[in-house]
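# Working through the structure, step by step
Below, each chain spelled out in residue letters.
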There are 2 protein chains.
Amino acid sequence: MYRTHTCGELRLSEANQNVTLAGWVQRVRKFGGLTFVDIRDRYGVTQLAFNQQNNAELCEAAEQLGREYVVQASGIVVERTSKNPNLPTGDIEIQVTDLQVLNASKVPPFLIENDTDGGDDLRMQYRYLDLRRPSVQKNLILRHNIAQEARRYLCNLGFLEIETPFLIKSTPEGARDFVVPSRMNPGQFYALPQSPQTFKQLLMVSGYDKYFQIVRCFRDEDLRADRQPEFTQIDCEMAFVEREDVLQTFEGLLHHIFRYVKNYDLGEVIRMSYDEAMQLYGSDKPDIRFGMQFVELNNLVQGKGFKVFDEAELVVGIVAKGAADYTRKQIDELTEWMKRPQIGAKGLVYARVGEDGSVKSSVDKFYSEADLQAVATAMGAEKGDLIFIVSGEAAKARKQLSELRLEMGSRLGLRRPDDFKALWVLDFPVLEWDEEDQRWIACHHPFTRPKNAATLLTENPATLKAEAYDLVLNGNEIAGGSIRIHERELQSKMFELLGFSPEEAQRKFGFLLGAFEYGAPPHGGIAFGFDRLCSILGGADVIRDFIAFPKNNSGRDVMIDAPSSIDDKQMNELKLRLQEITKA
Amino acid sequence: MYRTHTCGELRLSEANQNVTLAGWVQRVRKFGGLTFVDIRDRYGVTQLAFNQQNNAELCEAAEQLGREYVVQASGIVVERTSKNPNLPTGDIEIQVTDLQVLNASKVPPFLIENDTDGGDDLRMQYRYLDLRRPSVQKNLILRHNIAQEARRYLCNLGFLEIETPFLIKSTPEGARDFVVPSRMNPGQFYALPQSPQTFKQLLMVSGYDKYFQIVRCFRDEDLRADRQPEFTQIDCEMAFVEREDVLQTFEGLLHHIFRYVKNYDLGEVIRMSYDEAMQLYGSDKPDIRFGMQFVELNNLVQGKGFKVFDEAELVVGIVAKGAADYTRKQIDELTEWMKRPQIGAKGLVYARVGEDGSVKSSVDKFYSEADLQAVATAMGAEKGDLIFIVSGEAAKARKQLSELRLEMGSRLGLRRPDDFKALWVLDFPVLEWDEEDQRWIACHHPFTRPKNAATLLTENPATLKAEAYDLVLNGNEIAGGSIRIHERELQSKMFELLGFSPEEAQRKFGFLLGAFEYGAPPHGGIAFGFDRLCSILGGADVIRDFIAFPKNNSGRDVMIDAPSSIDDKQMNELKLRLQEITKA
C-alpha cells in the first residue's frame, strides 16, 4: 500500500493521525529551518513540513527534491499555524517522519500549471506532461462525467449499449473512408466506420428497440482547424418512434447532462424550422443566446436609386444594440473583416441611431432621413444602436451577415461561455443540387426519411423536406439525426435519386435493402458529437483539449510519431506496394 | 406515438384500458370465428384477439398477416378466458379495434426462435434476423448489463473512463497489427491498437491515478475457432499500487458483476502460483470447479522395469472418481483421443480400483499389487475410481494430462455452466526462451515488472518471476495484468534482454522511455477479455453469440460482404498498388 490517503483528502478532522501520501512535487519552499513541499495528485495538493531541528537529514532530503519528483511521505497530520483558505487541505500539513523518492524527474520542458509557458507543438510532443495540468485534467474529468451521465439517462430509459464492428465495408460517398488492408483476403480492404449508421438501423430491424453506443468514428478528410480524423459520437436509435418521440427523448438527455454535470437548468429547447433559422439568423445552427435577428429590407430600401441594393436579391440587416459609439475606424476594420475571402462580402452598409434619434448612414446620399427612420423602425433600432446591412445573392448575404452577427455578439459580450441555450432545427431539405457533379446529394444521408414519404416518388426533389433534426447548442450543431426510411421501395427510390444504379445500390447496401424486406419497423435516431459537446460544456472552443491524445492538423500524433513507415515484411504480408510518389 | 405499451407490459391491472401495441407477428391461429395473433417485441409477447362476428373485415386482415410482419394494433385489454401461465402477459389479450400493417415481411429463411433450423452460414448472412432470436437477444442484453455494472463498480471507486486513440503506431512484436494507410502522409501507416497498453501507462504518468475503458482492440492473427480480429477489453490501470491492491480491486469487480448481473455469490477467489498451477493442474488456467489434481508418481513407479516410466522425466496421474466402470472400449477411445496430434500423448496408462479394493492396471506385468496399492493410496483413489497416468517430458506430460482432466471433468458432469469458480494465478515467469528465434521473449509483454526488480539487472533471465497475474474463471483466462516497470533504466534493460537495439527501443517506445524520465509513479493494471467474460457468464462456449456482428473464421463479415475491393481512386489517393498475387 503506497498511501493511506490522497493529496486532496485530509482535513482538521484527521489531525494527529499517522498518514502516508504519494504524489508529485509541485514546489519546495525554504523558510529558515523549515522546508515545505507541496505534493500533488489528481485529487489535490497537500503541504509536507520538514523541520531542520527535528530531523536535519530528512529536511535536507526534502530540499533536494525537484519539480515533478514522485515521492511517498509518512507523518502526522497537524493543524497549520498559517492556514491557506484557498486550498481544501489548507488547514493542515504533514509533519513528515519518512520520505521516499519513488522516481526522479528531469526538469519539465514547460510549466505544469493551468497557465503554461509551453507552445502547442511542445505540449503535444510531451502530451503526458501536458495532461498533468489541472485545467486539462478538469476537461477529461468533465468528459468522463458527461459520458457516465449520458449512459445513466439512456439506460434508465431502457436503451441497450450494443457494440458495432470497426472493420466494415468501404462505401465511399460523402466523406472519405479510412481503409484497412486484409492480409487474409489479399487485395481486399475493410473500412473504418464513419458512423455505425447502417448497423444501428439493422439493430432496429432486429428488434432491439432502443440502442446507444459511445463510439469512435473515423473520417479521412483534410483537417480543418479543430477537426480530428477520429472522433467520438453518442450514437442512438429507436424503433416505433415519430419525430416528436425522438426530440423529447434527446432534449431530455441534454437537460439531464446539464443538470447532473453542470448543475445548470438549460430551460426550454425551442424549435425552429430550417427555413426560419436561415431567415432569422442566416444559419442552420444559430446561436440564440442573443437576439440580433435578421430583418429583410428589400421593400424599404429598393427603388431609391442605390444600385447595389436595387440589384440585390436580398437586402438584410441586424441591429447591434448600444453600438452607435463604434468609431469610423472600428467600422472600417469590421468592413475589411467582412471583405476577407473567408466571408467574401462586397461591402458593409451601416447606420447609427444617434442620441437625438437621428439616423446617419454610410448611404445617406441615396436615402432621406424618413427612409432611414423607416428602416430603423422596421428593425427595432433605438437610440444608441448601430445598424449593419448587407446585400447580394440571398444565400451569400445571409451567410455573410450571420458571420457578422456572431462577431458582434462576441464583441458585445453576448456569447458568454457559461451561458447555454439550445434549440432544435427541423425540416431540413432532403436533397441539395451539387453544381459540380450535376447531381442531387443527400443533405443528411441517404437513409433520411422525407416528410410525407410518398411524395418522394412524385414531387420535385428540390422542394422535399426531411424528417431530420439538428440539436444546436450555443451556435454549434451538437447532434443531428432523422426518422429513417424503413421501406425497401422508398430506399431504392432514394438511392436512384442520388444517382446509384440498382447494381451499385445492391452492392453497397444490399444487406440493408434485404433487411427492409423482413419486417423493418419505423425507426429514427440521432448522433451527438461527443468531443464538441464536452468542449462547449467545458466553456472552451477547442475540442483538442478535451481529447486525451489528439492528432494535429496533419493527422499526426507527434508524441508517438504516428503514422510512420512499416517494414517490408508487413507490406508483403498485405500484398501491397507503394506507388512512386512524385513531387507535385 | 406508435404505441402506448410494449408487448411485455400488460397485466390484468390494465384490463378495460384502451392501448396501442406495435411489434412483429410471431404466429397467427384461427379457431372457428376467432383469430389470435401473437405479437412480439424485445420485451415480450402479447396476444391480439379478433372476432369474425364483431368485425369480419378486421378479422380477415389479421388472417392475412404473415410471420415477421410489423403491425400496430389498438384495442381494449380484456381478461382471457383461457389464461397462459407461461407468459407474463398470459392473463390478458387485446380485443383489437384497429390494425395497421407497418411493414410486410418475406418468409424468413430460418425460424426466429431459440432453437432455429438455420445453419451458421445462413444465420450470419441474415444476422439481422438471427439477432431477433430471444436467445441471442438475451446474450446481448447480458453483455449490456455486464458492461454497465463493470462501469458502475469502477466509477464508484473513482476510476475515470478515458478514451485512447485508435489510429496509433505499428510496433510489431507479439501479434500482428492491422494497419491503416495515411492519405495525408503518403507511404506511412497508422496501426490499430492491440491494446491501449502504452497509453494507459502514460495516463498514469500523467497523474490520472485510476483509468478504465471498455475498448475495442485488434489483432491480425490467423483465426483459430472462436477468435475474432476485433475484440473488446475492459482495460484498467492504477497508480501507486502494489500487486495486492490490484488483486483486491479486480476480484471485487468480478464479485460485483456476479452479484448484480447473475445474483450469484462467487465465493473466495483463491490464489495460486504459476508453478503450483502447472504442478497441480498442468495448466496456467486451471478449471477448479472440480478437483482431480495431478499426483506425481516418479518415486513410486520408476525403477520397476517399465521402461516407458523409467525413461520419463515425469510420471503423473489423476483419479476419475467413480469411473472404474468405464469399459475397455471407452478407455481405448480415450486413449486414441489422447494420441491425436492435437494432444500428442504416446499412450495412456490406467488402473481400476475394484469394489473389493483391488487395483487392476494396464501395466500389471511390471507392477505388483502392492506397488499399485501404493500408487492408489498416494493418489487418494478409492473403490470404484479410475486412475489415468501419463509420462514423458514434464511439460508435455502435464499438458496432455491437463487435456484429459478437462475431458474427464466434462464427461463426469463436473463442469456445469451454471457453476462458477475463479482464481488468481500469480508469479508467472518474466521471460521464455524462443527456440526458433534463439532469443528471450516476454511471457506477458515488455512492460511487466519482475519481482525484486533489481534482479533483472543481475540474475539468470530464466529464473525471473514477474509481478504478473491472471484471473481465471472456469478454466478460462478472463483477465491478465501486471505491475509495470516505471523506471527508465529498468525498461531499457528489459528491451535489451528482449533483443531490441537501443535505437530500435527508442524508435518504437521512445515516448514511453521519455515519459519515465519525468516522474513516472509505480503503477499496474489489468485487462479483461470482455467477449469471453460475457460468454462464460452466459453459460456458453462460443463468444460469437455474444457479439452483435461477428466475423467468421476467415475474418469476413458475410452479411455486409467485407472486406471487399476498393476503387482505383481510393488506391491512388493512398499511393498504394496491389502486388501481383501468385497462387501458391
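So, how was this worked out
Residues numbered from 1 in each chain as written. Chains lettered and ligands numbered in written order. Predicted model: local features only at pLDDT ≥ 70, side-chain atom pairs only at ≥ 80, totals over all residues. Heavy atoms only, no water. Buried < 20%, exposed > 50% of the residue type's maximum accessible area, 1.4 Å probe, protein only. Helix = DSSP H or I, 4+ residues; strand = E, 2+ residues; numbered from the N terminus. Pairing = 2+ DSSP bridges. Domains from an automatic or database assignment. Axes fitted to C-alpha atoms, helices over the stretch in contact; angles between N-to-C directions. Contact = heavy atoms within 4.5 Å. Least-squares fit on C-alpha atoms with pLDDT ≥ 70 in both. Buried area = accessible area lost by both parts, 1.4 Å probe. Salt bridge = Lys/Arg side-chain N within 4 Å of Asp/Glu carboxyl O. Polar contact = N/O pair within 3.5 Å; in protein donor to acceptor, adjacent residues only side chain to side chain. Nonpolar A, V, L, I, M, F, W, Y, C, P; charged D, E, K, R; others polar.

A word on the pairing of strand β16 (residues 386-392) of chain B. Residues and elements named next belong to chain B. Most of β16 sits inside the fold, with 7 of its 7 residues counted as buried. Alternating residues of β16 divide into Leu-386, Phe-388, Val-390 and Gly-392 and Ile-387, Ile-389 and Ser-391, and every residue in both groups is buried. Where strand β13 (residues 314-320) and β16 come together, 7 bridges link them in antiparallel fashion. If you follow Val-315 over to β16, its bridge partner there is Ser-391. As paired elements, strand β14 (residues 349-353) and β16 share 4 bridges and run antiparallel to each other. Bridging from a neighbouring strand, Val-349 pairs with Ile-389 of β16.

Once that is clear, we can look at the domain arrangement of chain A. Splitting chain A by domain gives domain 1 (12-103) and domain 2 (290-415). Its C-alpha centre places domain 1 of chain A at a distance of 62 Å from the equivalent point of domain 2 of chain A.

Residue and element names in this part refer to chain A. The strand order β1-β2-β3-β5-β4 describes a closed barrel built from 5 strands, whose pairing is mixed. Each strand of the sheet is rotated relative to its neighbour by a mean of 55 degrees, with strand direction disregarded. Examined bridge by bridge, strand β1 (residues 18-31) and strand β4 (residues 70-79) share 7 bridges and lie antiparallel to one another. Looking across to β4, one finds that Asn-18 is bridged to Ile-76. Strand contacts of helix α1 (residues 56-63): β1, β2 (34-41), β3 (44-51) and β5 (92-103), with the helix running at about 65 degrees to β5, the strand carrying the most contacts.

Once that is clear, we can look at the sheet that holds strand β16 (residues 386-392) of chain A. The pairing of strands in a sheet happens through backbone hydrogen bonds and is either parallel or antiparallel. All names here are of chain A. The 5 strands lie next to each other as β12-β13-β16-β14-β15, forming an open sheet whose pairing is antiparallel. What marks the edges here is a single partner per strand, and that holds for β12 (295-296) and β15 (359-361). Alignment of strand β14 (residues 349-353) against β15, held across 3 bridges, turns out to be antiparallel. Residue pairing for β15: Arg-352 is matched across the bridge by Lys-360. With respect to the sheet, helix α12 (residues 394-411) is in contact with β12, β13 (314-320) and β16, its orientation differing from that of β13 by roughly 10 degrees.

Turning to the relation of the copies chain B and chain A, a few remarks are in order. The two chain copies are related to each other by a rotation about an axis together with a translation along it. Overlaying chain B on chain A yields an RMSD of 0.1 Å, the required transformation being a rotation through 180 degrees with an accompanying axial translation of 0.0 Å. On this basis, the relationship between the two copies can be described by a two-fold rotation axis.

Taken together, the contact between chain B and chain A spans 130 residues of the former and 129 residues of the latter. Contact between chain B and chain A buries roughly 11,400 Å² in total, counting both sides, with carbon and sulfur atoms accounting for 57%. Where chain B touches chain A, the interface holds 16 salt bridges. With a shortest N-O distance of 3.3 Å, A:Glu163 and B:Arg216 are connected by a salt bridge. Taken together, the connections running from chain B to chain A amount to 81 residue pairs in polar contact (both at pLDDT 80 or more). Looking at which element gives the most residues to the side of chain B that touches chain A, the answer is helix α4 (residues 134-156) of chain B, with 9 residues. For the side of chain B that touches chain A, the per-class residue count stands at 69 nonpolar, 28 polar and 33 charged. Here strand β23 (residues 576-578) of chain A pairs with strand β23 (residues 576-578) of chain B via 3 bridges, running antiparallel. Following the sheet pairing, A:Leu578 is matched in β23(B) by B:Leu576.

All names here are of chain A. Counting buried residues along helix α5 (residues 197-205), 9 of its 9 residues qualify, which places the element largely inside the surrounding structure. Those residues of α5 that sit buried are Gln-197, Thr-198, Phe-199, Lys-200, Gln-201, Leu-202, Leu-203, Met-204 and Val-205. Gly-207 occupies a position one or two residues after α5 and carries a positive phi of about 90 degrees.

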